[in-house]
Amino acid sequence: PKCDMAFLNEELLALVETVRPTPGEVEARDAALAAVKKVLVDIWPAAMVELFGSCANGLSVAAANDIDVCLVLPPGVADDTPGKAAAVEAAAAALGEAGFTDLLALPRARVPVVKCVAPASLGGTKVDVTVNNMLALLNTRLLATYVALDPRLAQLCHVIKHWAKRRSVNDPYRGTLSSYAYVLMCIHLLQTRSPPILPVLQGGPGVPTPTVKTAVGVWPVEYCDDVAALEGYGSANTETLADLVWAFFEYWAWRHDYSGSVISIRLGGWLTKAQKDWTRRVGNERHLLGIEDPFEVAHDLGRTIDRATAGVLQKEFERAGGLLREHGGPGGAARLMEPYRAGKNDG
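Criteria and thresholds
- Residues numbered from 1 in each chain as written.
- Predicted model: local features only at pLDDT ≥ 70, side-chain atom pairs only at ≥ 80, totals over all residues.
- Heavy atoms only, no water.
- Pairing = 2+ DSSP bridges.
- Helix = DSSP H or I, 4+ residues; strand = E, 2+ residues; numbered from the N terminus.
- Axes fitted to C-alpha atoms, helices over the stretch in contact; angles between N-to-C directions.
- Contact = heavy atoms within 4.5 Å.
- Phe/Tyr/Trp six-rings, centres within 6.5 Å; stacked < 30°, edge-to-face > 60°.
- Buried < 20%, exposed > 50% of the residue type's maximum accessible area, 1.4 Å probe, protein only.
- Disulfide = S-S within 2.5 Å.
- Expected span 1.5 Å × (residues − 1).
- Salt bridge = Lys/Arg side-chain N within 4 Å of Asp/Glu carboxyl O.

Caption draft 1: Spotlight on the sheet that holds strand S1 (residues 48-52). If you walk across this open sheet you meet the 5 strands as S1-S2-S5-S4-S3, and the pairing is mixed. Since the sheet does not close on itself, it has two edges, and those belong to S1 and strand S3 (101-106), each with one partner. Put simply, the sheet's adjacent strands are angled 20° from each other on average, direction ignored. Across 5 bridges, the pairing between S1 and strand S2 (residues 66-72) is antiparallel. Across the sheet, the residue bridging to Leu51 is Val69, located in S2. Running at roughly 25° to S2, helix H2 (residues 23-43) makes contact with S1, S2 and strand S5 (126-131) of the sheet. Along the sheet, helix H5 (residues 134-149) makes contact with S1 and S2, crossing S1 at roughly 55°.

This is the structure we're talking about:
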């Protein structure tokens, strides 16, 4: 890249501080969680109420006024779909009585959920409550372990998530990628640097015996969450945040094999689409960009992309890589994060 990498690194580190949640935002989320927990434990005293998603794994961003909450009920309660649906309806009724607004119970959704908004006195936080969503909880803990191992992961994720939002390529419902997909892409990049910055927690070289061993339905879950045992794993790699941002865009712009490859943080490498049987379209799933979920391995996070948006996404990667490669001087971060405007050629 022609850009001044030292200056770019300073700019990106400053940007990270602006996109992290403010103390006030964290306080509002904590207050909303406490209020939800009180309501739900009043109904189910033996239940646990846990936060999951970006607010729990250390990768949340500023102005994202929402939390994901899992109601974990004792064995024998809500073990099946009808039971989860009934629990969602009971939770919705209780939250409404407690002053939560904009209630929407979806007991028949693939993952039954109640959506609501905390009272204004608690910051008006948007809350999604799911029941016995164990895979999501375990996934959150896996990602939180990766975040704890090296600060560069959270920094990179904040930059890439902010870039994706500014460039309008962060909406899986409109044919692009979810924040979770971008996080997996960042982890994969740090696993595949030379030397690696992150280990493969699900059983890679130098990783201790798995400390988490369980199963959720048909999906086995095994990984090491012993942060102390892995302290300093990536210290031999001295790449800066700017180096990693460049590596991310260079890889996805010009190096990734879109037609044949699947990235996998479970393996810390790649699989082929043929190995995954992701070479053909099934229903709405096209598998144009292969990103394997680390636990639910039949789930492709890139399945949301269609032919049109695949081209858009690759052009955005090329735009970002091109800016870093061709433009010298300060201001690289600002150019990188210029918002997308339809019809404007800003390549």
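Caption draft 2: The arrangement of the packing of aromatic side chains in detail. Across all of its chains, the model carries 11 aromatic pairs by this definition. Between Tyr251 and Trp252, the aromatic rings sit 5.0 Å apart at their centres with planes inclined by 90°, giving edge-to-face as the arrangement. Each of the two residues, Tyr251 as well as Trp252, counts as buried. Aromatic rings pair up to connect Trp163, Tyr182, Phe248, Phe249, Tyr251, Trp252, Tyr258, Trp270 and Phe317 into one cluster.

Caption draft 3: Here's a closer look at the state of the cysteines. Scanning the model with the defined rule gives 0 disulfides in all. Cysteine Cys116 shares no disulfide, and the gap to the nearest cysteine sulfur, in Cys55, comes to 14 Å. On the accessibility criterion, Cys116 (4% relative accessible area) is buried.

Caption draft 4: Highlighting the pairing of strand S7 (residues 219-223). Sheet topology places strand S6 (residues 212-216) next to S7; 5 bridges connect them, and they run antiparallel. Across the sheet, Lys213 pairs through a bridge with Glu222, a residue of S7. Following S6, the chain reverses through 2 residues before pairing antiparallel with S7; Gly217 in that reversal takes a positive phi of roughly 60°.

Caption draft 5: Here's a closer look at the sheet that holds strand S10 (residues 290-292). Reading across the sheet, the 3 strands line up as S9-S8-S10 and stay open at both edges, with mixed pairing between neighbours. Of all the strands in the sheet, the pair left with one neighbour each is strand S9 (269-272) and S10. Pairs of neighbouring strands in the sheet enclose a mean axial angle of 35°, with direction left out of account. Taken together, the 4 bridges between strand S8 (residues 261-264) and S9 define a ladder with antiparallel strand orientation. Directly across from Val262, in S9, lies its bridge partner Leu271.

Caption draft 6: Region of interest: helix H4 (residues 81-97). The end-to-end C-alpha distance of H4, which contains 17 residues, comes to 25 Å, matching closely the 24 Å that a straight helix rising 1.5 Å per residue would cover. Listing the buried residues of H4 in full gives Ala85, Ala87, Val88, Ala91, Ala92, Ala94 and Leu95. Downstream of H4 by one or two residues, Gly99 has phi in the positive range, about 100°.

Caption draft 7: Structural detail: the pattern of salt bridges. Throughout the structure, instances matching the rule amount to 14 salt bridges. Its salt-bridge partner being Glu250, residue Arg255 comes within 2.8 Å of it at the nearest N-O pair. In this structure Arg255 comes out as exposed when scored by relative accessible area, which is 56%. For Glu250, a relative accessible area of 18% corresponds to the buried category. Residue Arg280 is joined to Asp277 by a salt bridge in which the shortest nitrogen-to-oxygen separation is 3.1 Å. A relative accessible area of 42% places Asp277 in the partly exposed class. Salt bridges linked by common partners bring Lys2, Arg325 and Glu326 together as one network.

In short, the description is geometric, and any link to function would need to be established separately.
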